[in-house]
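Observations on the three-dimensional arrangement
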Amino acid sequence: MEAFSALVAAEEAAGSFDPEAKNIAAATNAGLAYGLAAIGPGIGIGYLVGKSVEAMARQPEAAGMVRTTMFLGIAFTEALALIGFVVFILVKFA
Amino acid sequence: MLAERGLVFPPINEILRWQDIFPSFNKVALIAVASALIGIGLFLLASRGDAKKAPTGARNLAETTVEFIEEGIVMQTLGKSGLGWTPFLLSLFIFIFLCNLPGVIPILQMPATARMAIPLALSLLVWVLFIGTGIKHQGMGYFTGLLWPAGVPTALKPLVGGIEFVSTIFITPFSLTVRLMANMMAGHILLVTFGLLTEALVTAETSQALLVPAGIMPFFMLIFLTGFEILVAFLQAYIFTILAAVYFNNSTVGHGDEH
């Protein structure tokens, strides 16, 4: 982060700093950041729910327990994608 | 030039920041206060019903909610000995759910939990409580159990202990906060986006024959997402509560010998 602000300061000092260019870079990188952050949790949640459905189909009497654990797992996995979303907001607007 | 006539996405502060109704009290605070009062009012109303007759009205709703918290959250995570946590988890669930719900209520259209303040305050409350529970049930052994976990090879203990300590003390409240806030904010922005798309297409000034009927597509998506947001409001309240219960359970029994 510090290296980044040093870079921005150097750019400003050189007189080549363009706010429009910064906006364009922010918009591009924000989209990229969220897209990358969504890949892992997407695979993870898909795998998790798929396995849970398998377990529920195999043992319907354990469905309640499996469902609770599934929601817990989803909550932990999804957190990564949500942090990616927060980074998107920070990069784009902050 | 183009942006002034076509689709204009407002700056983020216009979507999420509200004018003060009176100093230091805005719509988000109003929703939070209203949620607390509605929750209290519902249960006061329910408590006046006759306990010997079959429950009706508000009492019916309140009893279903209590049963859901007991069966769906406390018994699943804390077990029978954790039933004392029911009142706290119940108030947590009701408050978060009622704060989330205004995201889809017309006129209000703002989940109070989409701002950092309320999720942060709630997860700090949970944080203080689960550390307090750990100290109460395990004494200072709670912290040594975190830093020097039992049942791990000695060579790995500093590494595992470090990770365990950081994840319990720092990551836990952070992820609890961000999960709730980001979910509700993402939902809010999604609804704004599709609302704007619908409006921009219906009020299009060029090629109206094509664009105005196309406005039906984002409109249907908007309806679908509104229904989805009701589900998310419930699910996030449920997840916040059940995670709080899991953390309390971890502090009560300690890591390693759970279940």
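Residues numbered from 1 in each chain as written. Chains lettered and ligands numbered in written order. Predicted model: local features only at pLDDT ≥ 70, side-chain atom pairs only at ≥ 80, totals over all residues.

**A look at the interface of chain A and chain B**
Let me state the cut-off plainly: Contact between two residues is assigned when their C-beta atoms, built from the backbone, lie within 7 Å. Side-chain classes follow a simple rule in which Ala, Val, Leu, Ile, Met, Phe, Trp, Tyr, Cys and Pro form the nonpolar group, Asp, Glu, Lys and Arg form the charged group, and the remainder, Gly included, forms the polar group.
Opposite the 11 residues of chain A that make contact, chain B presents 12 residues. In terms of residue class, the side of chain A that touches chain B is made up of 10 nonpolar, one polar and no charged.

**Examining the nonpolar core**
Rule in force here: Residues of type Ala, Val, Leu, Ile, Met, Phe, Trp, Tyr and Cys that are buried and joined through C-beta atoms within 7 Å form what is called a nonpolar core. Residue burial is a threshold on neighbouring C-beta atoms within 10 Å of the residue's own C-beta, all placed from the backbone, with 20 or more meaning buried, 12 or fewer meaning exposed, and counts in between meaning partly exposed. Secondary structure is summarised from DSSP: a helix means a run of H or I of at least four residues, a strand means a run of E of at least two, and numbering begins at the N terminus for each.
Within the largest apolar cluster, 52 residues are counted, with the highest numbers of intra-cluster contacts made by Leu89, Phe93, Phe240, Ala244 and Ala245 of chain B. Of all elements in the fold, only helix H3 (63-93) of chain A together with helix H3 (27-47), helix H4 (57-77), helix H5 (86-100), helix H6 (117-138), helix H8 (157-202) and helix H10 (216-253) of chain B reach the threshold of two or more residues within this core. Examining the composition of this core, we find that 12 residues originate from one element, H10 of chain B, more than from any other. Residues within four places of Phe240 of chain B in sequence aside, it is in contact with Leu92, Ile96, Leu176 and Leu180 of chain B.

**With respect to unusual backbone geometry**
Residue and element names in this part refer to chain B. With a phi close to 75°, Ile107 is a non-glycine residue in the positive phi region. In this fold, Ile107 is placed in the loop between H5 and H6. Residues other than glycine seldom take positive phi values, yet Ser207 does so here, at roughly 35°. Structurally, Ser207 is set in the loop between H8 and helix H9 (208-214).

**Brief notes about H5 of chain B**
All names here are of chain B. The test is simple: Between the first and last residue of a helix there are one fewer steps than residues, each counted as 1.5 Å, and that sum is the expected span.
Under the 1.5 Å per step criterion, the end-to-end length of H5 is 21 Å for 15 residues, consistent within 8% with the ideal 21 Å. With 11 of 15 residues buried, H5 lies mostly within the body of the structure. Along H5, the residues that are buried comprise Leu89, Leu90, Leu92, Phe93, Ile94, Phe95, Ile96, Phe97, Leu98, Cys99 and Asn100. Where H5 is buried, its residues meet H3, H4, H6, H8 and H10.

**Some remarks on the confidence of the model for chain A**
We count it as follows: Values of pLDDT, which run from 0 to 100, indicate the predictor's confidence residue by residue.
Per-chain confidence: chain A averages 84 in pLDDT, with 86% of residues scoring 70 or above. Within chain A, helix H2 (residues 19-58) of chain A carries the highest mean pLDDT (90), whereas helix H1 (residues 2-14) of chain A carries the lowest (68).

**Quick notes on the environment of Val74 of chain B**
Residue and element names in this part refer to chain B. Examined against the element boundaries, Val74 turns out to sit in helix H4. Between the alpha carbons of Val74 and Gln236 there is a distance of 16 Å; along the sequence they are 162 residues apart. Apart from the residues within four sequence positions on either side, Val74 is in contact with Ile69, Gly82, Leu83, Trp85, Thr86, Leu89 and Ala245.

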